[in-house]
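Report on the structure
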Amino acid sequence: DFQMTQSPSSLSASVGERVTITCRASQSISNYLNWYQQKPGKAPKLLIYAASSLHSGVPSRFSGSGSGTDFTLTISSLQPEDFATYYCQHSYTTPPLTFGGGTQVEI
Amino acid sequence: EVQLLESGGGLVQPGGSLRLSCVVSGLTFSGYAMTWVRQAPGKGLEWVSGVTGSPDDTYYADSVRGRFTISRDNSKRTLYLQMNSLRAEDTAAYYCARDLVLGDGRWDFGYWGQGTLVTVSS
């Protein structure tokens, strides 16, 4: 089974700042990596799939990169509505599937 | 309007059973992989179970294998999760989600329901 390790577990940032969250897989998963955003009391929303593809309707300030074991989610200019928890998830063909532990982005 | 509507959650005693349902509307259901993800109070996301679109291959997390059963009824556009031998640690919000792309061999959860809460307590 793949293990997904996110860092940091939380961060504080200001509006307009550039934010970077990393996710490391326990073994190579090629580009089978997704990123989700979740706000309190709400369902998660897909932001990035296949490591770097922007899901429909997601603002272009969100971007993803990486391949193999190391991946990054970047928010180029943090907006007030971006304060949330972010999760990575490996999407490899055969489950079990695994989420990272989450990164809470706070003001 | 795209909608995934879960139901069936509630309070159940340890050892009891519940069946969750997820009705999909505004989206194609047949052929797409579907999944259940849960979130315990104050905790992160945990993948629970998934079923492919065709054929209906099923998969489970170790924590629920042998107790939970995922199934789908394409004619009713509905995904199910039968949960037996429930434990306190199964207490969580349960979300259903549909795959983003048909038959690409990936598990990209593009569309989510709002969740249904399961509480296991005496």
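Report follows, based on the coordinates. Because the structure is predicted, anything quoted here is derived from the model rather than measured. (Residues numbered from 1 in each chain as written. Chains lettered and ligands numbered in written order. Predicted model: local features only at pLDDT ≥ 70, side-chain atom pairs only at ≥ 80, totals over all residues. Heavy atoms only, no water.)

1. Observations regarding the packing of aromatic side chains
Put simply, the rule is: Each Phe, Tyr or Trp ring (for Trp, its six-membered ring) is paired with any other whose centre lies within 6.5 Å, and the angle between the two planes then decides the class: stacked below 30 degrees, edge-to-face above 60, tilted in between. Think of it this way: any DSSP run of H or I at least four residues long counts as a helix, any run of E at least two long counts as a strand, and we number them from the N terminus. Each residue's exposure class comes from its accessible area (1.4 Å probe, protein chains only) as a fraction of the maximum for that residue type: buried when under 20%, exposed when over 50%, partly exposed otherwise. Both a distance and an angle decide whether a charge sits over a ring: NZ of Lys or CZ of Arg must be within 6 Å of the ring centre and within 35 degrees of the ring normal.
Tallying each qualifying case throughout the model produces 10 aromatic pairs over all chains. When the ring of Phe99(A) is compared with that of Phe109(B), the centres are 6.3 Å apart and the planes differ by 40 degrees; the resulting orientation is tilted. Placement of Phe99(A) in strand β10 (residues 98-99) and of Phe109(B) in strand β10 (residues 109-112) is noted, with the two residues assigned to different chains. In this structure Phe99(A) comes out as buried when scored by relative accessible area, which is 7%. Using a relative accessible area of 1% as the deciding quantity, one classes Phe109(B) as buried. Three or more aromatic residues joined by ring pairs form one cluster here, namely Tyr36(A), Phe99(A), Tyr95(B), Phe109(B) and Trp112(B). A cation sits over an aromatic face here: Arg72(B) above Phe29(B), 4.5 Å from the ring centre. Lying across the ring of Tyr32(A), Arg106(B) places its NZ or CZ 4.2 Å from the centre.

2. Quick look at the pattern of salt bridges
Close approach of charged atoms allows side chains of opposite charge to pair. Residues and elements named next belong to chain B. The condition that has to hold: Here a salt bridge means any side-chain nitrogen of Lys or Arg lying within 4 Å of a carboxyl oxygen belonging to Asp or Glu.
Summed over the entire model, instances satisfying the criterion amount to 8 salt bridges over all chains. Between Arg 38 and Glu 46 there is a salt bridge, with the nearest N and O atoms lying 2.7 Å from each other. Among the salt bridges present, the one from Arg 65 reaches Asp 62, with a minimum N-O distance of 2.5 Å. With a relative accessible area of 56%, Asp 62 lands in the exposed category. Linked by salt bridges that have partners in common, Arg 38, Glu 46, Arg 67 and Asp 90 make up one network.

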